[in-house]
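Listed here are the chains, written in short residue letters.
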Amino acid sequence: MKTTLITGGSRGIGRACVLAFAQAGWQVAWCYRKEKEQSLALEQELKSRGLSGLGFKADVADSGQVEALFSHMEQVLGPVDALVCNAGVAYQGLLSDMTDEDWRRVMGVDLDGVFYCCRRAIPSMIRRQKGSILTISSMWGLTGGSCEAAYSAAKAGVIGLTKALAKELGPSGVRVNCIAPGVIHTQMNGNLTQEDRQILADETPLCRLGTPEEVAGAALFLSQEDASFITGQVLAVDGGIAIS
Ligand code: NDP
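This write-up is about the structure you can find in this document. (Residues numbered from 1 in each chain as written. Predicted model: local features only at pLDDT ≥ 70, side-chain atom pairs only at ≥ 80, totals over all residues. Heavy atoms only, no water.)

Topic: the pattern of salt bridges
Formally: For this analysis, a salt bridge means a side-chain nitrogen from Lys or Arg found within 4 Å of a carboxyl oxygen belonging to Asp or Glu. Helix and strand labels come from DSSP, where a helix needs a run of H or I of at least four residues and a strand needs a run of E of at least two; each type is numbered from the N terminus. Working definition: with a 1.4 Å probe on protein chains only, accessible area under 20% of the residue-type maximum means buried, over 50% means exposed, and in between means partly exposed.
The full count for this structure, using the stated rule, is eight salt bridges. Linking Asp-81 and Arg-128 is a salt bridge whose minimum nitrogen-to-oxygen distance equals 2.9 Å. Pair noted here: Asp-81 is in the loop between helix H3 (63–77) and strand S4 (82–85) and Arg-128 is in helix H4 (residues 100–128), with a separation of 47 residues, a long-range link. We classify Asp-81 as buried; its relative accessible area is 14%. Among the charged side chains, a salt-bridge network with shared partners connects Arg-15, Glu-45 and Arg-49.

Looking at the site of the ligand
Keep this limit in mind: We call a residue near a molecule or strand whenever a single non-hydrogen atom of that residue lies within 4 Å of it. Under the rule applied, a polar contact is a pair of N or O atoms within 3.5 Å (in protein, one hydrogen donor and one hydrogen acceptor; residues adjacent in sequence only if both atoms are side-chain atoms). Residue polarity is assigned by list, with Asp, Glu, Lys and Arg as charged and Ala, Val, Leu, Ile, Met, Phe, Trp, Tyr, Cys and Pro as nonpolar; anything else, Gly included, falls into the polar class.
Taken together, 32 residues lie near the ligand, and Ser-10, Arg-11, Asn-86, Tyr-151 and Thr-186 sit nearest. At 2.5 Å, a side-chain N or O of Tyr-151 approaches an oxygen atom of the ligand. When residues of the shell around the ligand are traced back to their parent elements, those giving at least two are helix H1 (12–23) and helix H6 (149–169). Its residues assigned to classes, the shell around the ligand shows 13 nonpolar, 13 polar and six charged.

Quick notes on the sheet that holds S4
Selection rule: Two strands qualify as a pair provided DSSP detects at least 2 bridges between them. Angles shown run from 0 to 180 degrees and are taken between the N-to-C directions of axes, each axis being a line fitted to C-alpha atoms and, for helices, limited to the stretch in contact. It only takes one pair of heavy atoms within 4.5 Å for two residues to be counted as in contact.
Taken together, the seven strands give an open sheet; going across it, the order is S3-S2-S1-S4-S5-S6-S7, and neighbouring strands pair in parallel fashion. Each edge of the open sheet carries a strand with a single partner, namely strand S3 (53–57) and strand S7 (234–237). For this sheet, the mean angle separating the axes of adjacent strands, direction not counted, is 20 degrees. Pairing between strand S2 (residues 27–32) and S3: five bridges, direction parallel. Looking at S3, one finds that Trp-30 is bridged to Gly-55. Of the strands in this sheet, S2 and S3 are in contact with helix H2 (residues 36–48), which crosses S2 at around 165 degrees.

Quick look at the side chain of Thr-135
Position of Thr-135 among the secondary structure elements: in strand S5 (residues 131–136). Residue classification places Thr-135 among the buried positions, given a relative accessible area of 0%. Engagement of the side chain of Thr-135 in a polar contact is seen with the side chain of Thr-162, the distance being 2.8 Å. With residues near it in sequence (within four places) discarded, Thr-135 still touches Cys-85, Val-114, Val-158, Thr-162, Asn-177, Cys-178 and Ile-179.

What to know about the packing of aromatic side chains
Rules: The aromatic pairing rule takes the rings of Phe, Tyr and Trp, using the six-membered ring of Trp, and pairs them if the centres are within 6.5 Å, calling planes under 30 degrees apart stacked, those over 60 edge-to-face and the rest tilted.
Considering all chains together, one arrives at two aromatic pairs under this definition. Consider the rings of Phe-21 and Trp-26, whose centres lie 5.1 Å apart with planes at 75 degrees: the pair is edge-to-face. For the residue pair Phe-21 and Trp-26, the accessibility class agrees, reading buried in each case. For the ring pair Phe-115 and Tyr-116, a centre distance of 5.3 Å and an interplane angle of 40 degrees mean the geometry is tilted.

Some remarks on the pairing of S5
Where we set the bar: Whether a crossover is right-handed comes down to one check: with the strands pointing away from the viewer, does the path from the first strand over the helix to the second run clockwise; if it does, it is right-handed.
Burial within S5 is extensive, with six of its six residues counted as buried. Along S5, one buried face is formed by Gly-131, Ile-133 and Thr-135 and the opposite face, lined by Ser-132, Leu-134 and Ile-136, is buried too. Both S4 and S5 contribute to a ladder of four bridges, which runs parallel. The residue of S5 that forms the bridge with Val-84 is Leu-134. Between the parallel pair S4 and S5, the chain is carried across by H4, and the sense of this crossover is right-handed. Here S5 runs beside strand S6 (residues 174–181); their pairing, made up of six bridges, is parallel. The residue bridging Ile-136 from the neighbouring strand is Ile-179, located in S6.

Below, the structure written as structure tokens:
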């Protein structure tokens, strides 16, 4: 049985990935930063469907916690076959109002966190000459979003990292891909008003927002053997909103 580690798996897109991978027969581990109750509820939900999975508390912006997360989960489930770097935080506001702390938090979670997890996962994948790494960027990483400059910069960084790693790890049999979601119904967008949502839906060629399950389906595809000749790609799961 293959094993996946999904960062930020306790809710939203990560949670949908946990359920999709578990349903497809994977051993699933995930991490979350603080909402233990949501993670425990997910473990229960898996159980109720006759599946299993384990949540671990770890802040991906802290390399020590990432090391502890991998060591702990590897002891229980073995090496990671597919890493999904999903954990992320958003920040909305003018760049000129942004504090050093706010900037570091976005970079710390959205970019450093991907680096820490990839760095820790790679040696075992190279030793076994196989593996898949999937990063979750954003349409803003492709196009840039007004009042989301730090987030856009971090997510563009994730795309650069994905492409570079795909070249670096391809000869070792490890694939590295990225999903750039559009606007997806999750808590991250909880601050949007109904009117905001309608405007975003109107800007989307498919005329609606996306669901976490729609991103999870693409994540599962890219992490499985179905995608065995696909690497270095950025797949927009966005209803067409970022078509250029
Ligand atoms: P949510 O805010 O709904 O969920 C975020 C998840 O990440 C939670 O499980 C949260 O755990 C976890 N998390 C946050 N910070 C950390 C951290 N430092 N360490 C470990 N886990 C952390 O987000 P979404 O599901 O909407 O987003 C998932 C990914 O998709 C993100 O990378 C986001 O940038 C990206 N994305 C989302 C879009 C959208 O429209 N929703 C659009 C484009 C990209 P806890 O609750 O414990 O903090």
